[in-house]
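So the chains spell out like this:
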Amino acid sequence: MKSLNSRRTRAIVVAIAAGSLALTGCSENKGGSSGKDSKKDQAEAAEQSKPVVYGDAAASTGPAEEVAGAKSGGTIQVYQESGLTHLDPGQIYVSDAGQVANLLYRGLTNFEEDGKGGVSVVGDLATDSGKSSDGGKTWTYTLKDGIKDQNGNAITSADIRHTIERQYAEFIFDGPTYLQNWLSGADYRKALPDGGFGSKHLPSTVLDTPDAKTVVFHFDTARPDLPQTLAMPGYSVVPEKTDTKAKYDTAPVSTGPYKIAEYKVGKSMKLVKNENWDPKTDSVRHQYVDGFNFDFGVTESTQTSRLIADQGDSKNAIQLTGGIEATQIQKVISDPAVNKRTIKGYQPYVMTLTFNLDRVKNKAVRDAITYGVNSKSLIAGEGGAYGGDAAANLFAPTLPGYEAAYDPYGRLKTPAGNIAKAKELLKDVPAAEKKLVFAYSNSEAGQKRKVAIEDALTKIGIDVVAKEIDSASYYEQIGKVKNPYDMYITGWGQDWPSPGTVITPIYDGDQVADGSSNYSHINDPKVQELIKKALTQEPTEAAVTWREAQHYILEKVNPAAPLWYTKQFQLYGSNIGGARYSTESSYIDITRLFLTS
């Protein structure tokens, strides 16, 4: 990765509010671990909320700057407990597939990091991060020369149009919806029911492709965050001629440095070099190794023990989104030779116990659980202070607008739970309303979380009925509006440094739909009013409105009990070179890895 100073960048600081789920944002697929000094960690987390810079053509020109000491050849082994949620770019909104997407796909823009917490947006398939006009309502992108898919077909503006229009199709239900909403409103599917697969397309007044190299977006209001939105893996290009609709999820076509050679869903995946990827067109990615072998179903405890032992293929291995298993952290940090093979950092995720408001209608019950839940025991299962800190509210320390002292339910004062307060709130609640179905993932982490939730809520008088969900489809199952669960643990992080990328995707009533990330189904008029207000304000004004929205949501509605802020602590094999923490993904930076021997 080149630093921001190695080539010219256009110093446009991204608006903190306008239009403002990653890529950092998105649903958490596993909390990790960082260090023991929480105050120091939170100070470092604030560095991750630096304004994003938009890069010009020079900053977007490949090849990517060489990684010091990089060598070519060999295959990296990837350990992952859960199978991938999706591989169709339009369905990607969870961190595991987001990591893989950077190896397989390219979009109009992408994020680039300097290794010091600084992040820029550069042109990926496009020549730059975008040119805005008409007060930010119109954005124009020009495609680079020489970009092809894995079959050697040139990528044109028709493929970009197709990529965007297919997001309107019914079979796309799990990906981001920012762009569709901005172009066509909350009922965007009605604007293009067949997703552009028929004869109808979005009008040129909305999306224009005047020639094979040009794409023009027209919005009804300024959208200064568009370059960051387009950098999300959910908007990566899907070549039109090879789109198999719903079947695309298992056999997608690559535009990145690697392509899929073999994929056994939930078991394994083999990536090999994409010969039609041209490094001269890519300022972000590398193609040092010959490929990646993904092994799914490997528990975090097994991943950790293998990587500590550092034998055979494990010397060439990384963790994808898993972290060092809690009971083995001491082994890692007490052995300097092992500890030096780690990456650490604060993640953008806030883990919450989310209530299904269609089923848990009594706010007294929700408040009692929020007071009574035990963050301390949950964090212990994540690795203690290396796994996270007790969460006081719905904004993470990495987010602009984070208020460290805002703690309406006393989560910081009583992280193990305020049992007396919880019982007081429940004393007049009928027994039927205190019997709640808790859904949990069948992963190792999910099992630990289940035990902690059951223990804490039983103590305050809640009758917990635990229901197991397969980890690979966890977010898909709880994302169904008619799901049969009362509560579930979810994690959310900003898509870019804006409170709007937290409030809008998970607390906007217009987002209540199957596959939406509004897991609580909150649809409150006051919240809707504040969201609409913030989206039309300048950044400094919007920050105040987003703060007001969070306070109202947490105190007056309480759709989700804050549990913990997550940290990342990952281990890799001794032959892995180029490893560093990615501020943008909050995991190991997968774009720059190589094997040292």
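Structure first, text after, so check above.
Here is a short report on the structure shown in this document. The structure presented is a predicted model; accordingly, all values stated were derived computationally and were not measured. (Residues numbered from 1 in each chain as written. Predicted model: local features only at pLDDT ≥ 70, side-chain atom pairs only at ≥ 80, totals over all residues. Heavy atoms only, no water.)

## Details of the pairing of strand β11 (residues 258–264)
Across six bridges, the pairing between β11 and strand β12 (residues 268–273) is antiparallel. Along β12, the bridge assignment pairs tyrosine 258 with lysine 273. In textbook terms, the turn of a hairpin is the stretch between consecutive antiparallel strands, and for β11 and β12 this stretch comprises three residues, one of which, glycine 266, has a positive phi near 80 degrees. (Pairing = 2+ DSSP bridges. Helix = DSSP H or I, 4+ residues; strand = E, 2+ residues; numbered from the N terminus.)

## Remarks on the pattern of salt bridges
Under the definition given, this model contains 25 salt bridges. Lysine 259 is the salt-bridge partner of glutamate 275, the closest N and O atoms lying 3.1 Å from each other. Of this pair, glutamate 275 sits in the loop between β12 and β13 (291–296) while lysine 259 is found in strand β11, placing the two residues 16 residues apart along the sequence. On the basis of relative accessible area, glutamate 275 is assigned to the exposed category, the value being 60%. (Salt bridge = Lys/Arg side-chain N within 4 Å of Asp/Glu carboxyl O. Buried < 20%, exposed > 50% of the residue type's maximum accessible area, 1.4 Å probe, protein only.)

## Some details on the nonpolar core
Core analysis: the largest hydrophobic core is formed by 97 residues, its most contacted members being Phe217, Leu353 and Ile369. Judged by nonpolar contacts, the second largest core, of 29 residues, contains Val100, Leu271, Ile590 and Leu595. (Core = buried A, V, L, I, M, F, W, Y, C linked by side-chain atoms within 4.5 Å.)

## Considerations on the sheet that holds strand β9 (residues 207–211)
Taken together, four strands build an open sheet; the order of strands is β7-β8-β10-β9 and the sheet is antiparallel. Looking at the sheet topology across the chains shown, the edges are occupied by β7 (131–133) and β9. The sheet shows a mean angle of 20 degrees between the axes of neighbouring strands, direction not considered. Pairing geometry for strand β8 (residues 138–142) and strand β10 (residues 214–218), over five bridges, is antiparallel. Of the residues in β10, the one forming a bridge with threonine 140 is valine 216. In the packing of helix α3 (residues 157–165) onto the sheet, the strands contacted are β9 and β10, and the crossing angle to β9 comes to about 165 degrees. (Axes fitted to C-alpha atoms, helices over the stretch in contact; angles between N-to-C directions. Contact = heavy atoms within 4.5 Å.)

## Examining the pairing of β13
In terms of strand pairing, strand β4 (residues 75–80) meets β13 through six bridges, oriented parallel. Bridge assignment links glutamine 80 to a residue of β13, and that residue is phenylalanine 296. When β12 meets β13, the two strands line up antiparallel, connected through five bridges. Following the sheet pairing, lysine 270 is matched in β13 by asparagine 293.

## A few points about the sheet that holds β12
Strand order in this open sheet of five strands is β11-β12-β13-β4-β14, and the pairing throughout is mixed. Only two strands of the sheet have a single partner each, and these edge strands are β11 and β14 (317–319). Strand-to-strand twist of the sheet, defined as the mean angle between neighbouring strand axes without regard to direction, takes the value 20 degrees. With three bridges connecting them, β4 and β14 associate as parallel partners. Its bridge partner lying in β14, glutamine 77 is registered against alanine 317.

## Points about unusual backbone geometry
Between glycine 62 and proline 63 the backbone carries a cis peptide bond, its omega angle lying at 0 degrees. Checked against the element boundaries, proline 63 lands in the loop between β3 (53–55) and β4. The phi dihedral of aspartate 310 falls on the positive side, at around 55 degrees, and the residue is not glycine. Here aspartate 310 is to be found in the loop between α7 (300–309) and β14. Positive phi is not limited to glycine here, since serine 586 has a value of about 70 degrees. By the secondary structure assignment, serine 586 is in the loop between β21 (576–577) and β22 (594–595).

## Remarks on the packing of helix α10 (residues 363–372) against helix α12 (residues 419–426)
Running from N to C, α10 and α12 cross one another at 170 degrees; their axes reach a closest spacing of 8 Å. Viewed along their axes, α10 and α12 adopt a mutual orientation that is roughly antiparallel. Along its contact with α10, which presents Ala364, Val365, Asp367, Ala368, Tyr371 and Gly372, the element α12 presents Lys421, Ala422, Leu425 and Leu426. (Parallel < 35°, antiparallel > 145°, perpendicular 65-115°, else oblique.)

## Comments concerning the environment of threonine 281
Among the structural elements, threonine 281 can be located in the loop between β12 and β13. Through-space distance from the C-alpha of threonine 281 to that of proline 63 is 6.4 Å; in sequence the pair is 218 residues apart. Discounting residues that sit within four places of it in the chain, threonine 281 has contacts with Gly62, Arg106, Asp124, Lys144, Asp145, Gly146 and Ile147.

## Looking at helix α17 (residues 539–557)
With 19 residues, α17 should cover 27 Å at 1.5 Å per step; its first-to-last C-alpha distance of 25 Å lies within 8% of that length. Here α17 has its buried residues at Ala542, Thr545, Trp546, Ala549, Gln550, Ile553, Leu554 and Val557. An end-on view of α17 places all buried positions within 160 degrees of arc, on one side of the element. Set apart from the buried face of α17 by more than 90 degrees, the exposed residues are Thr540 and Lys556. Phi turns positive one or two residues past the end of α17, at asparagine 558, with a value near 55 degrees. (Expected span 1.5 Å × (residues − 1). Arc of directions from axis to C-beta.)

## So, the environment of leucine 84
Note on placement: leucine 84 falls in the loop between β4 and α2 (95–104). Distance in space between the C-alpha atoms of leucine 84 and alanine 472 is 6.2 Å, their sequence separation being 388 residues. Setting aside residues no more than four positions away along its own chain, leucine 84 makes contact with Asp96, Ala97, Val100, Tyr263, Met269, Phe296 and Leu320.

## A closer look at the packing of aromatic side chains
For the structure on display, the rule yields 18 aromatic pairs. With a centroid separation of 6.2 Å and 25 degrees between ring planes, the pair formed by phenylalanine 294 and phenylalanine 296 is classed as stacked. On the basis of relative accessible area, phenylalanine 296 is assigned to the buried category, the value being 5%. An angle of 20 degrees between the planes, with centres 5.5 Å apart, marks the rings of tyrosine 386 and phenylalanine 569 as stacked. Here the residue tyrosine 386 occupies a position in the loop between α11 (375–382) and β16 (388–390), and phenylalanine 569 occupies one in strand β20 (residues 560–571), the gap between them amounting to 183 residues. Phenylalanine 569 carries the same exposure label as tyrosine 386, and that label is buried. Each residue in the set Tyr141, Tyr178, Trp182, Phe217, Phe219 and Trp496 is aromatic and connected to the rest through ring pairs, giving one cluster. A cation over a ring is seen here: lysine 245 above phenylalanine 197, with NZ or CZ 4.7 Å from the ring centre. In this structure, lysine 421 is placed above the aromatic ring of tyrosine 371, and the distance from its NZ or CZ to the ring centre is 5.5 Å. (Phe/Tyr/Trp six-rings, centres within 6.5 Å; stacked < 30°, edge-to-face > 60°. Lys NZ or Arg CZ within 6 Å of the ring centre and 35° of its normal.)

Note that every value here comes from positions in space, so none of it alone points to a role or purpose.
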